[in-house]
Structure formats: structure tokens, C-alpha cells
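As a plain string of letters, each chain reads:
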Amino acid sequence: MWDSLVRATAYDGFIRVSAAVTTRMVEEARKRHESWPVATAALGRVMTGALLLTWGLKDTGSITLRVLGDGPLGGIIADADYKGEVRGYVQNPQQDLPLNEKGKLDVGTAVGKGALYVTKDIGLKEPYTGSVPLISGEIGEDIASYLFSSEQTPSLVALGVLVNPDLKVAASGGLIIQALPNAPEEILAKIEENIKDVKPISTLVKEGNGPKEIIKKFLPNTDIKILAEYPVCFKCKCNVERVKSVLLSLGKEELSDILKKEGKSQVRCHFCNEVYNFSKEDLEELITQLD
Ligand SMILES: [Zn+2]
């Protein structure tokens, strides 16, 4: 199944819900960063969370999540745009930890204590950034805490990544259910009652459920109104022109210094691990542009 995102409303518009299957997207991130299971799970959850939070973005808009914890993974950064293109990286991708007491990848310990920063760029001069302290480092409830503090709306956030013994991503997905401020209490109570029996989201994805089926499992007794459905993928925004402009921004003196000392330059993109090589001639050419 291809990765996709579905946005919908339910309970006469009092509830809005987004669900996504992100298995290929997270597997692409794993391959690029050669991450180990607990890092893959943490990065996959952050990337899927960023994707789900793009609700309401217009063209050019993007959401960046930064999870800055004191655990062995270091920082985890992901951004997602309105088209469903997501990229992300984790500072220390080759980390391993024992499973937690539930027998699951111990994302909370791997992330540690710290804060979640959410930056919303809607094309204005100054993007808006809000933050909350991490509750558990498991990402899902940290995002729910952010939504409650920034929008005062109760939310349910479920994020899950299942990693195979061969390190590949078996299943990944996420869902956010948000109640609008005037939603009647009994709707929330009903939803809470329903979700007790729902399987973990990564299991639902593994069983072949798409975003629509996942929404129906979480919200079984209501009319679901689908507002949007579109494919999502890992995609970085770097390209050779952007990397050149970064090199140019170093200035003539520093570039000449690199040319003299190294004779060439290699630039690696944090987000996607793509390597850009600049030969002696390339550097000379860039330097002449600065004359
Ligand atoms: Zn890149």
C-alpha cells in the first residue's frame, strides 16, 4: 500500500481527524540515515507527527517539529509541507537500547527529558514557534500536550512504528483526533470508550488498513466526512543550487581557504544525508562569482 494521508470530520463537525500511513516514508528515512530500531521508531513518530499537524496549511506553508531531549538519540528534527512531503533526521541514529517493560522499543528513554518545539510557517515574515516540556518522550502524548497548551483543545494522538528484526520498517502510521472547543462532553466520552479496544496503530497498518479504515476503527459509530486524501512521501528540499548558495554565503575568504587547504569540498545534507561534491574547478568557479 502507498503512503497517504486522509483528513476528515466526524460527529457533525465537532471532531476533526487526520490519519496517515507512512511506512515507505519512514523506511526511506531509515535507509538514508542507516538508523537502528529505536532511532527509526522515534524519527518515524516525529516525521508522522509533523505530517499530521499540517492541517490547514496553504501553499508554501510548513510545520517543523524539534524534539530536543537529553537521551542518547540527541535532537530529532522533522518538517512537513502542505503537499505531504516530509523529511527528518535524528542526531545519533545508531543507538540501541533494551526493550521497555512492555517489550516495545523504548523511545521515551532514548529521547529523554527536554522539550518539543513546533514551528508553523504560513508564509508570513516570522514563523510562529510554540513549545512544551516533554511528558514522556514517546512523542504522541507530547504532541497532544502541545495541542492542548497551544489550542486548548483535547486531542488524541496515536503514532506507531514497527521495525522488523532485519531493521527495515514493517509498518508506520499515525492519527490525530481533535475536538473543537464547543464539542459536547458526551462525544468525547464516547470516543474515549471506543478507543480502549482499538489495536495499536502500527498493528492496524501492518494488517493492511489504510487511513480511512484506521479512522473508522477509532470512530466507529459516526458519519465520517472525508475532506482530503493525498499521497505522502519522504522528500528533501536540498539541491545543488541551494548547497551552492550556502557555500557562497561563507564568503570569498573562507572559500579560498577551503580551496587552498582541501582542494575540494564535500557538503552533506543533515535532513536526507545526500552528499554534494565540489571539485577544485567548482570551487574556483564559485569564488569568481564572489568577485
Ligand atoms: Zn537534503
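Only a predicted model underlies this, so the values are computations on that prediction, with no experimental measurement involved. (Residues numbered from 1 in each chain as written. Predicted model: local features only at pLDDT ≥ 70, side-chain atom pairs only at ≥ 80, totals over all residues. Heavy atoms only, no water.)

### Some details on the coordination of the zinc ion
Here is the rule we go by: Note: metal donors comprise N, O and S atoms at 2.8 Å or less from the metal (3.2 Å for Na, K and Ca); water molecules are not included, so apparent gaps in a site are possible. Irregular is the default label, applied whenever a site is not tetrahedral (four donors, all angles between 85 and 135 degrees) and neither square planar nor octahedral (four or six donors, opposite donors over 155 degrees apart, all other angles between 65 and 115). A run of H or I in DSSP becomes a helix once it reaches four residues, and a run of E becomes a strand once it reaches two; helices and strands are each numbered from the N terminus. Relative accessibility thresholds used throughout: buried, under 20% of the residue-type maximum; exposed, over 50%; partly exposed, between the two (1.4 Å probe, protein chains only).
Here the zinc ion is held by the protein donor atoms Cys236 (SG), Cys238 (SG), Cys269 (SG) and Cys272 (SG), which lie 2.2 to 2.3 Å from it. Around the zinc ion, the 4 donor atoms are arranged such that angles at the metal cover 101 to 113°; this shape is classified as tetrahedral. Between the donor residues of the zinc ion, the gaps in sequence give the motif C-x1-C-x30-C-x2-C. Placement of the pair is Cys238 in the loop between strand 11 (233-234) and helix 8 (240-249) and Cys272 in the loop between strand 12 (265-268) and strand 13 (275-278), with a sequence separation of 34 residues. Cys272 matches Cys238 in its accessibility class, with the two residues each being buried.

### Describing the nonpolar core
Note that soluble globular proteins tend to have their nonpolar side chains buried in a common cluster. Where we set the bar: We call a set of buried residues a nonpolar core when its members are Ala, Val, Leu, Ile, Met, Phe, Trp, Tyr or Cys and they connect through side-chain atoms within 4.5 Å of each other. Here, two residues are considered to be in contact whenever any of their heavy atoms come within 4.5 Å of each other.
Ranked by internal contacts, the top residues of the largest apolar core, which has 63 residues, are Leu65, Leu73, Ile76, Val111, Leu116 and Ile143. In terms of residue count, helix 2 (residues 37-52) provides more of this core than any other element does, 10 residues in total. Those residues in contact with Leu65 that sit more than four places away from it in its chain are Val46, Gly49, Ala50, Leu53, Ile76, Ile77, Ala78, Leu116, Tyr117, Val118 and Ile143. Counting residues in hydrophobic clusters, the runner-up holds 26 residues, among them Tyr11, Ile201, Ile214 and Phe218.

### Focus on the sheet that holds strand 7 (residues 128-133)
Whenever strands of a sheet pair, they do so through backbone hydrogen bonds, lying parallel or antiparallel. Note the threshold: Two strands are said to pair when DSSP picks up at least two bridges between them. Axis definition: a line fitted to C-alpha atoms, over the contacting stretch in the case of helices. Angles run 0 to 180 degrees between N-to-C directions.
Taken in spatial order, the 6 strands of this open sheet run 7-6-3-4-5-11, and their pairing is mixed. Both edges of this open sheet fall to strand 7 and strand 11, since each of them pairs with a single strand only. Bridge analysis of strand 4 (residues 76-81) against strand 5 (residues 85-90) gives 5 bridges, and the strand direction is antiparallel. Bridging across to strand 5, Ile76 finds its partner in Val90. The strands touched by helix 2 are strand 3 (62-69), strand 4, strand 5 and strand 11; relative to strand 4, the strand with the most contacts, the crossing angle is about 35°. With respect to the sheet, helix 4 (residues 140-151) is in contact with strand 3, strand 6 (114-121) and strand 7, its orientation differing from that of strand 7 by roughly 120°.

### Remarks on helix 1 (residues 23-33)
All of the buried residues along helix 1 are Thr23, Met25, Val26, Glu27, Ala29, Arg30 and His33. Positioned one or two residues after helix 1, Glu34 has a phi angle of 50°, which is positive.

### Remarks on the domain arrangement of the protein chain
Applicable threshold: Delimitation of the domains relies on an automatic or database domain assignment. Joining two parts hides part of their accessible area as seen by a 1.4 Å probe, and the buried area is that hidden amount summed over both. For this document, the term salt bridge refers to a Lys or Arg side-chain nitrogen within 4 Å of an Asp or Glu carboxyl oxygen.
Parsing the protein chain into structural domains produces domain 1 (4-234) and domain 2 (240-289). Taken together, both faces of the contact between domain 1 and domain 2 bury some 630 Å²; the carbon and sulfur share is 57%. On the domain 1 side of the contact with domain 2, Arg32, Arg87 and Tyr89 bury the most area, a combined 69% of that side's loss. The interface formed by domain 1 and domain 2 includes 1 salt bridge.

### A look at helix 8
Inclusion rule: Any pair of nitrogen or oxygen atoms within 3.5 Å is treated as a polar contact; in protein, a donor-acceptor pairing is required on top of that, and neighbouring residues in sequence qualify only through side-chain atoms on both sides.
Residue Asn239 occupies the N-cap position of helix 8, its side-chain oxygen lying 3.1 Å from the main-chain nitrogen of Glu241. Taken from the residues just after helix 8, Gly251 is the one with a positive phi, measuring 95°.

### Quick word on the pairing of strand 3
Where a strand is regular, its side chains alternate between the two sheet faces. Of all the 8 residues making up strand 3, 6 are buried; the element is thus mostly covered by neighbouring parts of the structure. Bridge analysis of strand 3 against strand 4 gives 6 bridges, and the strand direction is antiparallel. Counterpart to Thr64 in the pairing with strand 4 is Asp79. Connecting the antiparallel pair strand 3 and strand 4 is a turn made up of 6 residues, with Gly74 showing a positive phi of about 70°. In this sheet, strand 6 lies alongside strand 3 in antiparallel orientation, the contact comprising 8 bridges.

### Focus on the side chain of Ser62
When you line up the elements, Ser62 lands in strand 3. Once residues lying within four places of it in the same chain are set aside, the contact partners of Ser62 are Leu57, Ala80, Asp81, Thr119, Lys120 and Asp121.

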